[in-house]
Amino acid sequence: MTIIMKKFQELCKKRSSVRAFKPDPVPAEKLAYIMECVRLAPSAVNFQPWWFHIVRDTEELDRLFLCYDREWFRSSPLCIVACKNIKEEWTRKSDEKPHGDIDVAIATEHLCLAAAEEGLGTCWVCNFDVEQCKAACHLPEEMEPVALIPIGFPEKTTDNEKMRKDISVICDL
């Protein structure tokens, strides 16, 4: 079966995990576009239980970088802390499964795809010290950080050839 590459698929292919950023600041209009794409993301029962804390202040970035102490992470000129509001997340009644993490993940991937469309790089960081992050960003008690998304212009471009499982392994198409 031949699949014709369409615009959305091209964008998905363009998005990759960037681990080296130029020091150039992210232009305000690009950030505004990205955050509007985040705002449009769907969520369970449309609760939108999220907060995206944008960190660009040098002192706050330095505190945040301690939550995930990697040299490449420190190269990003801006980082977005994707948080769920535990008081606003929808919970499925049949098994009491909260959907806040899922909702934030959907909105965060909107963020990453919009950034790629704008020529910016991102990387999902989930292996970080949550309590240290909350303190570094002065987040209120009901806000739980789900992911850190460093964002900026990639230091180098890649061919984006990602290792992916064959389609027959992931679905019964």
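The residue numbering used here restarts from 1 in each chain and proceeds along that chain's sequence as written. Thresholds applied to this predicted model are a pLDDT of at least 70 for local features of residues and 80 or more for the giving and counting of side-chain atom pairs; totals over whole chains, interfaces and linings are not thresholded and use all residues. As a convention, hydrogens and water are excluded, and side-chain values are obtained from all of the structure's heavy atoms.

Asker: Just give me the short version of helix α4 (residues 100-117), but keep the residues and values in it.
Answerer: Spacing of three or four residues puts side chains on the same side of an α-helix, whose turn is 3.6 residues. Think of it this way: any DSSP run of H or I at least four residues long counts as a helix, any run of E at least two long counts as a strand, and we number them from the N terminus. By this rule the span expected of a helix is its residue count minus one, scaled by 1.5 Å. In this model α4 runs 26 Å from its N-terminal to its C-terminal C-alpha over 18 residues, within 8% of the 26 Å that 1.5 Å per residue would give. Under the scheme applied here, a residue whose accessible area is under 20% of the maximum for its type counts as buried, over 50% as exposed, and between as partly exposed, the area being computed with a 1.4 Å probe on protein chains only. Residues of α4 that are buried: Gly100, Asp103, Val104, Ala107, Thr108, Leu111, Cys112, Leu113, Ala114, Ala115 and Ala116.

Asker: Go over the nonpolar core with me, naming the residues and quoting the values.
Answerer: Working definition of a nonpolar core: buried Ala, Val, Leu, Ile, Met, Phe, Trp, Tyr and Cys residues. They are joined through side-chain atoms within 4.5 Å. Of all hydrophobic cores here, the largest spans 24 residues; its most connected members are Ile34, Met35, Phe52, Ile80, Leu111, Leu120 and Ile151. Breaking this core down by element, the ones donating at least two residues are α2 (28-39), β1 (50-55), β2 (78-85), α4 and β6 (143-152). For this core, the element with the highest residue contribution is α4, accounting for six residues. Ignoring sequence-local partners within four residues, the contact set of leucine 120 consists of Val26, Lys30, Ile34, Ala115, Ile151, Gly152, Phe153 and Pro154. Throughout, a residue-residue contact means that at least one pair of heavy atoms, one from each residue, lies within 4.5 Å.

Asker: Could you give me a rundown of the side chain of aspartate 103, with the residues and numbers involved?
Answerer: Along the polypeptide, aspartate 103 turns up in helix α4. The charged-residue count follows a simple rule in which Lys and Arg add positive charge and Asp and Glu add negative charge, with His and chain termini not counted at all. Whenever Lys or Arg places a side-chain nitrogen within 4 Å of a carboxyl oxygen from Asp or Glu, that contact is recorded as a salt bridge. Lysine 84 is the oppositely charged side chain nearest to the buried, salt-bridge-free aspartate 103, at an N-O distance of 9.4 Å. A polar contact is formed between the side chain of aspartate 103 and the backbone nitrogen of alanine 44, at a distance of 2.9 Å. In contact with aspartate 103, other than residues within four places in its own chain, are Ser43, Ala44, Pro49 and Trp50. We call two N or O atoms a polar contact when they sit within 3.5 Å, provided that within protein one can donate a hydrogen and the other can accept it, with sequence-adjacent residues counted only if both atoms are side-chain atoms.

Asker: Run through the packing of aromatic side chains, naming residues and quoting values.
Answerer: Side-chain rings of Phe, Tyr and Trp, where Trp is taken by its six-membered ring, are said to pair if the distance between their centres is within 6.5 Å; with planes under 30 degrees apart they count as stacked, over 60 as edge-to-face, and otherwise as tilted. Per the counting criterion, the structure on display carries five aromatic pairs. Each ring, one from phenylalanine 65 and one from phenylalanine 73, has its centre 5.2 Å from the other, and the planes form 75 degrees; the classification is edge-to-face. Owing to a relative accessible area of 0%, phenylalanine 73 belongs among the buried residues under this scheme. Here tryptophan 72 and phenylalanine 73 contribute two aromatic rings whose centre-to-centre distance is 5.9 Å and whose plane-to-plane angle is 70 degrees, an arrangement assigned as edge-to-face. In this pair, the class of tryptophan 72 matches that of phenylalanine 73, namely buried.

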